[in-house]
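# Topology and contacts: notes
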Amino acid sequence: MAKRYITAEDLYQFQVPSGTTISPDGKNIILSLQRVEKKSEKKYSNLWLVPVEGGQPRQFTFGDQSDHHPVWSPDGSQIAFLSNRQNKDKPPVLYLIPFHGGEARPLTQLEGEIGEILWSPNGKKILCTVRKIDKEVLQRQKDPALKELSTPARHYDRLFYKLDGYGYLPHERWHLWVVDAATGKTTQLTDHPVWDENFPDWSPDGKWIAFISNRSDDPDSNPDLDDIFLMPANGGEARRLQTPPGNKFSLRFSPDGKWLAYYGQEGIGKGFKNIGLWVIPTDESHPAKNLTESYDLNVSAWTINDIGGAVTNPPLWSPDSQTLYFPVTLHGSSILMKIGRDGGGLETILGEGGVFHTHSLDRAGSRIAGLWGTFQDPAQVMILDLSSGSQRVLTRFNRDLLDKVDLGEIEEVWFKGPDHNDLQGWILKPSQFDPQKKYPSIMEIHGGPLTQYGKLFMHEFYYLAAQGFVVYFCNPRGGRGYGEQHAAAIHGNWGDRDYADLMAWADFIAQKPYIDTTRMGVTGGSYGGYMTVWIIGHTQRFRSAVTQRCVSNFISMWGSSDFNWVFQRELNDKPPFEALDYYWQRSPIAHIGNAKTPTLVIHNEMDLRCPIEQGEQVYVALKRLGVDTEMVRFPEEFHGLSRGGRTDRRILRLNHIARWFKKYLLDEQQSH
């Protein structure tokens with residue numbers, strides 16, 4: 001049977017797995033599987049079980065709710081998870097469900113948001129990070145008359161008061177709580193009006209809790225001053241371990257309790273530095289050590305896609321506390337590596353070819369489970385047998401859809417940048433590609449910029465290719481996956497080497513005999529939106545452009561983004577009132593007067609990362625210049641609409657992009 005082309009509406013059919021966790025005995029994997037109900041536009045998720053040794057995956061919880069973040073008890077008899085099944089209007093609460101059958105029961109009714117969940121080693125307690133609901137909000141929720149009224153005012157005295165994807169932040173901070181797994185009794189272990197505690201872990205003997213916290217006088221003004229603390233499991237004074245300054249996350253005890261491993265960067269305001277895998281002895285007999293520093297590796301699984309997301313789980317310790325397993329972004333893949341606790345014996349467990357993430361290890365240290373995504377498949381559950389080296393995919397999520405669709409063909413290429421630098425890119429050719437024909441093309445530019453495009457499913461790319469376009473994308477300097485020098489190349493100087501690399505990429509593509517050089521388009525979102533506006537202000541080589549959730553004016557963005565003043569670190573770490581000319585010259589809006597390229601401006605009205613005024617400035621400027629332009633605004637949507645927004649709006653966005661490029665680049669008879 002002939003395969004069909006992928007459509008924008010196919011977004012309704014995708015199921016998205018997350019939270020894969022292998023059972024202690026290594027025989028089963030629990031995960032959360034999300035689906036979309038088209039009629040209501042609501043997203044629901046339930047838990048599923050995947051047997052490792054044969055048998056079909058089966059649904060474990062049922063109902064129209066959100067069941068997520070499943071965690072096995074140490075003996076494998078119970079699963080803790082979060083769910084909003086009792087009240088869809090309140091934050092999810094903690095539930096327990098027996099593995100061998102029985103109903104899920106709410107364990108506690110904490111009035112707040114629950115983040116991480118960790119069982120104590122003996123299975124009697126559950127450690128949680130909790131952010132309580134502000135008292136005034138609770139009062140309004142409990143008073144019917146007040147509940148009907150909107151919030152009278154928001155009053156803040158901290159720098160970071162909003163967060164994209166969340167909204168306006170509460171005054172409460174993230175703190176550590178312990179829940180009795182039998183009775184549901186809760187005990188709050190930490191409580192401070194300014195400090196957050198995150199990434200906690202139990203010591204193997206259950207006597208200590210380690211966590212990461214920024215306990216400087218003003219954490220918002222000093223976001224890189226994370227420290228590691230050790231605290232008695234029942235609460236009390238916490239001891240700070242001496243570690244280099246820098247961001248830290250994903251803390252984990254070694255099985256013998258003598259070491260802590262974590263991911264982190266060293267330095268202040270140096271986000272371009274590789275994320276490293278660090279270890280420190282709990283007795284501080286040796287200083288903290290970056291095990292991966294000499295290898296020029298970035299420890300992360302993050303690779304851009306738009307069906308689910310690649311999650312970087314904490315490092316995994318071998319049972320003998322001698323070896324650590326961790327993900328690395330490399331050449332568009334996310335590979336799995338292992339290294340000795342002393343920094344020797346680096347070895348690749350799962351190499352290039354896709355993105356492996358959300359990994360977990362069984363108690364025996366013999367099996368690692370995770371999600372495996374490729375260009376052709378967003379994510380399947382994969383099991384790695386460490387003794388035999390075998391790899392098996394255990395699920396077929398979304399295959400009923402994808403097996404019926406012709407995605408076209410992707411070609412990987414390496415080419416030379418303007419400074420004789422090596423660059424990697426991919427060319428997606430439309431279905432039924434004919435090399436004798438001339439095709440219109442679209443260059444896609446990723447956001448970040450400190451991330452990577454790579455070998456992971458991008459519905460948007462396939463959809464545009466299905467409309468008759470050659471879609472091409474690469475990782476210019478400023479991104480991840482090619483060493484620290486590649487990432488640092490544009491620090492303090494966006495629009496320079498990155499622009500040069502992208503023009504070299506367009507030159508490379510233009511030389512292909514099947515490319516119509518008079519019908520080339522360009523698009524990108526966030527930093528990719530920045531580069532799109534930068535491009536139309538510096539060249540007329542593209543016939544059409546779409547800028548999405550862009551950065552256009554660093555001056556007005558300073559202080560108005562949820563990252564507020566932190567963006568100055570990309571501009572030599574000076575505020576605009578000390579470097580106004582520099583801010584202006586690095587802003588695409590400063591060069592918009594040269595623009596002649598017809599440009600569609602797409603922005604989201606609740607974007608707190610790149611506020612909508614960034615897109616509005618571009619739209620109004622193009623209008624005043626007489627350049628053909630339109631603006632599409634999505635209400636109620638944050639920065640990440642293209643990946644996690646309401647499905648009908650995601651579809652509308654894709655249709656507008658395709659419409660705009662068809663108008664300028666595509667003859668109607670070529671459209672599928």
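Since the structure is predicted, the reported quantities are computational estimates derived from the model, not experimental observations.

Rules and cut-offs
Each chain carries its own residue numbering, running from 1 in the direction its sequence is written. Under the rules for a predicted model, residues below a pLDDT of 70 receive no local features and side-chain atom pairs below 80 are neither given nor counted, while totals for whole chains, interfaces and linings still include all residues. Excluding hydrogens and water, the side-chain values take into account all heavy atoms of the structure. Under the DSSP-based scheme used, a helix requires at least four consecutive residues in state H or I and a strand at least two consecutive residues in state E, with every element numbered from the N terminus. What makes two residues a contact is simply this: any of their non-hydrogen atoms within 4.5 Å. Each residue's exposure class comes from its accessible area (1.4 Å probe, protein chains only) as a fraction of the maximum for that residue type: buried when under 20%, exposed when over 50%, partly exposed otherwise. In short, DSSP must find at least two bridges between two strands for them to pair. Each patch is assembled from residues with relative accessible area greater than 30% and no salt bridge, linking like charges that lie within 9 Å and nonpolar side chains (Val, Leu, Ile, Met, Phe, Trp, Tyr) that lie within 5 Å. Accessible surface is estimated by sampling points in the Shrake-Rupley manner with a 1.4 Å probe; for residues, cover comes only from the protein chains shown. Here a salt bridge means any side-chain nitrogen of Lys or Arg lying within 4 Å of a carboxyl oxygen belonging to Asp or Glu. To get an axis, a line is fitted to the C-alpha atoms, and for a helix only the part in contact is used. The angle between two axes follows their N-to-C directions and goes from 0 to 180 degrees. By convention a nonpolar core is built from buried Ala, Val, Leu, Ile, Met, Phe, Trp, Tyr and Cys residues, the set being connected through side-chain atoms within 4.5 Å.

This part is about the environment of serine 556. Topologically, serine 556 is positioned in helix H8 (residues 554–557). Spatially, the C-alpha atom of serine 556 lies 7.9 Å from that of glutamine 614, the residues being 58 residues apart in sequence. Apart from residues no more than four positions distant in its own chain, serine 556 is found in contact with Glu613, Gln614 and Gln617.

All right, on to the pairing of strand S28 (residues 367–374) then. Where burial is concerned, most of S28 is hidden: 8 out of the 8 residues are buried. What sits between strand S27 (residues 355–361) and S28 in their antiparallel hairpin is a turn of 5 residues, with glycine 365 showing a positive phi close to 75°. Two strands pair when backbone bridges link them, and S28 and strand S29 (residues 377–385) are joined in this way by 7 bridges, in the antiparallel orientation. The residue of S29 that forms the bridge with leucine 371 is valine 381. The turn joining S28 and S29, which pair antiparallel and follow one another in sequence, is formed by 2 residues.

Quick look at a nonpolar patch on the surface now. Taken together, the side chains of Leu163, Tyr166 and Phe563 define a hydrophobic patch exposed on the protein surface, amounting to about 240 Å² of accessible area. Structurally, leucine 163 is set in strand S11 (residues 162–163).

Once that is clear, we can look at the sheet that holds strand S1 (residues 16–22). Spatially, the 4 strands line up as an open sheet ordered S1-S2-S3-S4, and their pairing is antiparallel. Each edge of the sheet is formed by a strand with only one pairing partner; in this case those strands are S1 and strand S4 (58–59). Two strands pair when backbone bridges link them, and strand S2 (residues 28–37) and strand S3 (residues 42–51) are joined in this way by 10 bridges, in the antiparallel orientation. If you follow valine 36 over to S3, its bridge partner there is lysine 43.

Tracing the chain through its elements places glycine 615 in helix H10 (residues 613–625). With relative accessibility at 0%, the residue glycine 615 sits in the buried group. Put simply, glycine 615 and glutamine 548 are 67 residues apart on the chain and 7.9 Å apart in space, counted from C-alpha to C-alpha. When near neighbours in sequence (up to four residues on either side) are disregarded, glycine 615 contacts Cys550, Val601, His603 and Met631.

Moving on: the sheet that holds strand S18 (residues 239–241). Taken in spatial order, the 4 strands of this open sheet run S15-S16-S17-S18, and their pairing is antiparallel. Of all strands in the sheet, those bounded by a partner on one side alone are strand S15 (198–202) and S18. Neighbouring strand axes in the sheet, compared pairwise and without regard to direction, differ in orientation by 25° on average. Of the strand pairs in this sheet, strand S16 (residues 208–213) and strand S17 (residues 227–232) are connected by 6 bridges, and their pairing is antiparallel. Bridge pairing in S17 links isoleucine 212 to isoleucine 228.

Within the largest apolar cluster, 51 residues are counted, with the highest numbers of intra-cluster contacts made by Met443, Tyr472, Trp505, Phe542 and Ile592. Setting aside residues no more than four positions away along its own chain, tryptophan 505 makes contact with Val413, Phe415, Gly425, Trp426, Ile427, Met443, Tyr472, Phe473 and Cys474. Counting residues in hydrophobic clusters, the runner-up holds 45 residues, among them Ile442, Met458, Ala466 and Val546.

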